[in-house]
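Next come the chains, spelled out residue by residue.
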Amino acid sequence: MSKPRALIIGGSLGGLIAAHLLRSVGWDAVIYERNAEDLISRGAGIGTHQHLIDILRRVGIAFDDSMGVQVGRVLCLDRDGAVALEKETVRVMSGWARLHRSLREALPGDCYRLGHALARVDEDADGVTAVLADGSRARGDLLVGADGIRSTVRAQYLPEAQPVYAGYVAWRAMLEERDVPKKIRDEIFESYAFCLPEGEQCLGYPVPGGDNDTQAGRRAYNIVWYRPTDAATTLVDLCTDASGRRHGMAIPPPLIRPEIIAAIKATARALVAPQIAEIFARSEPFFQPIFDLESRTIAFGEPVPRIVLLGDAAFVARPHVGAGVTKAALDAASLADALLAHGDDLAAALARYDREQTRFGHSLVALSREEGAYISAALKPPHERRGAELPRDIHSLMAAHHASRDRVRQLAAERE
Ligand SMILES: Cc1cc2nc3c(=O)[nH]c(=O)nc-3n(C[C@H](O)[C@H](O)[C@H](O)COP(=O)(O)OP(=O)(O)OC[C@H]3O[C@@H](n4cnc5c(N)ncnc54)[C@H](O)[C@@H]3O)c2cc1C
């Protein structure tokens, strides 16, 4: 008997982990990724949680020292670069490209189809059809929308679920270790370092280097700097290119105007610890707006449900909890476990998946929203700020940060 087939839309980390897990429970899985080429340069640091590491091991990926950089302490740096607070920690910082490479290499090549963009989904009693932008069609038993925050699958089945701008952007930067001045390397490179300009949050940590190397000397330092940015004027300006063309709420990094880059580097020198500002000044920063996204349901289809959302297509939690990839992996594990437990009863399997991961998604979004509330509120008049919106000092931020890591672990464990 032939295996049931899953069509996975989106070949980033969520889609790849889903392909591995579905194959491990007896499904055939094919990934359709709209980009024509591998985005090996999606240079972004990815913090990990134990649940992600466990799931990667479950699909046979050895999560060894080559997968990420171990960090043993968290520092808070004041405006002058002095250590205001220091705590021990145990965490592994990986990178999008490092995880993607391992996941992709471990799949047979014909499972991963680049240059295939989904246009729409058709369904009937016997199966589901992915209609691709070039007019070709692919037939399967299940379709997994792992196509990110602007999901085509979600737009068709749940158009009312829209990303909501959180009121701030994340400026991101990465610099190879060899380009970090030695004094700064000695002071902060091996640490997870926070700086807290008022109403903002800037953090840095080591990640695998450009060629995914985790050995000392060949790593990179990753910076994420959250800054309140009003949507109506400042964000529009940030997203306008040198020709005057506006790019909505996100602009491709190469099109950010040089004067914007010069200005943010100067602002870094004025507001954040000099060690972080120096690394930032030597890099090529870009920004991403921060959104919340919630879906009231993540399984669809008539007469038999055959369509699910997974990862950022389903829920987007602000990055403070560093759990986007972990959530995508937990979604994939929940889906695979439900399909295994319910055999041919797809309706029962998808109902279980929907129940488990919708609850988890809402909880994670709420947790991350609370962590970022003081940044969202920085554009409000001070007398209107309440509870978590009030400014945070170093001690309360560190306490919240540590508690949220435990809370992610707890929420993930409660699903099981
Ligand atoms: C500033 C910042 C910091 C972050 N830090 C962390 C962190 O430390 N740890 C962590 O776990 N997470 C972090 N995240 C979140 C993490 O990056 C995402 O949660 C994760 O990448 C989601 O993976 P995904 O596979 O669901 O979606 P995506 O990575 O968005 O991938 C979606 C894929 O679908 C493809 N696609 C889209 N539409 C179509 C279509 N119509 N047809 C075919 N393909 C399509 C896209 O090309 C893309 O490859 C951070 C996010 C931000 C913004």
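Up top is the structure.
A. Representation of the overall build of the protein chain within the structure. For the protein chain, the helix and strand inventory stands at eleven helices and 17 strands. The C-alpha atoms of the protein chain give a radius of gyration of 21 Å, which matches the 22 Å a tight globule of 416 residues would have. Dimensions along the principal axes, computed over C-alpha positions, put the protein chain at roughly 65 × 45 × 40 Å. Across the 416 residues in the protein chain, those meeting the buried criterion constitute 55%. For the protein chain, the exposed area adds up to about 17,600 Å²; of that, 51% sits on carbon and sulfur atoms. Counting 50 positive and 55 negative side-chain charges, the protein chain places the centres of these two groups 1 Å from one another.

B. View of the pattern of salt bridges. Within this structure, the stated rule accounts for 27 salt bridges. When the shortest N-O distance is used, the salt bridge between Glu-160 and Arg-296 registers 2.9 Å. You can see Glu-160 sitting in the loop between helix H4 (152-157) and strand E11 (164-176) and its partner Arg-296 sitting in the loop between strand E15 (286-292) and strand E16 (299-300), a full 136 residues away along the chain. The pair Glu-160 / Arg-296 is uniform in exposure class, with both members exposed. One salt-bridge network, in which partners are shared between bridges, spans Asp-292, Glu-294, Arg-318 and Arg-369.

C. Expanded view of the side chain of His-401. Within the fold, His-401 resides in helix H11 (residues 394-414). The exposure class assigned to His-401 is buried, which follows from its relative accessible area of 4%. With residues up to four places along the chain from it excluded, the contact list for His-401 reads Arg-91, Tyr-192, Phe-194, His-320 and Glu-371.

D. Quick peek at the packing of aromatic side chains. Using the criterion set out here, one finds eight aromatic pairs in the structure. Plain terms: the ring middles of Phe-189 and Tyr-221 are 5.4 Å apart, the flat faces sit at 45° to each other, and that makes the pair tilted. On the criterion of sequence distance, the pair formed by Phe-189 in the loop between helix H5 (182-188) and strand E12 (192-195) and Tyr-221 in strand E14 (residues 220-228) is long-range, its members being 32 residues apart. The residues Phe-189 and Tyr-221 share a single accessibility class, namely buried. Measuring from ring centre to ring centre gives 5.3 Å for Tyr-192 and Tyr-205, while their planes differ by 5°; the resulting arrangement is stacked. Of this pair, Tyr-192 sits in strand E12 while Tyr-205 sits in strand E13 (residues 201-207), and the two are 13 residues apart along the sequence. With relative accessibility at 7%, the residue Tyr-192 sits in the buried group. Among the residues examined, Tyr-205 registers a relative accessible area of 6% and is labelled buried. One aromatic cluster is present, formed by Tyr-192, Phe-194 and Tyr-205 through successive ring pairs. Stacked on the ring of Tyr-192, the Lys or Arg Arg-91 has its end atom at 4.3 Å from the ring centre. Of note, Arg-150 hangs over the ring of Phe-291, and the distance from its end group to the ring centre comes to 5.1 Å.

Thresholds applied
- Residues numbered from 1 in each chain as written.
- Predicted model: local features only at pLDDT ≥ 70, side-chain atom pairs only at ≥ 80, totals over all residues.
- Heavy atoms only, no water.
- Helix = DSSP H or I, 4+ residues; strand = E, 2+ residues; numbered from the N terminus.
- Rg over C-alpha atoms; globule rule 2.2 N^0.38 Å.
- Buried < 20%, exposed > 50% of the residue type's maximum accessible area, 1.4 Å probe, protein only.
- Areas by Shrake-Rupley, 256 points an atom, 1.4 Å probe, with all protein chains shown as cover.
- Lys, Arg positive; Asp, Glu negative; His and termini not counted.
- Charge placed at Lys NZ, Arg CZ, Asp CG, Glu CD.
- Salt bridge = Lys/Arg side-chain N within 4 Å of Asp/Glu carboxyl O.
- Contact = heavy atoms within 4.5 Å.
- Phe/Tyr/Trp six-rings, centres within 6.5 Å; stacked < 30°, edge-to-face > 60°.
- Lys NZ or Arg CZ within 6 Å of the ring centre and 35° of its normal.

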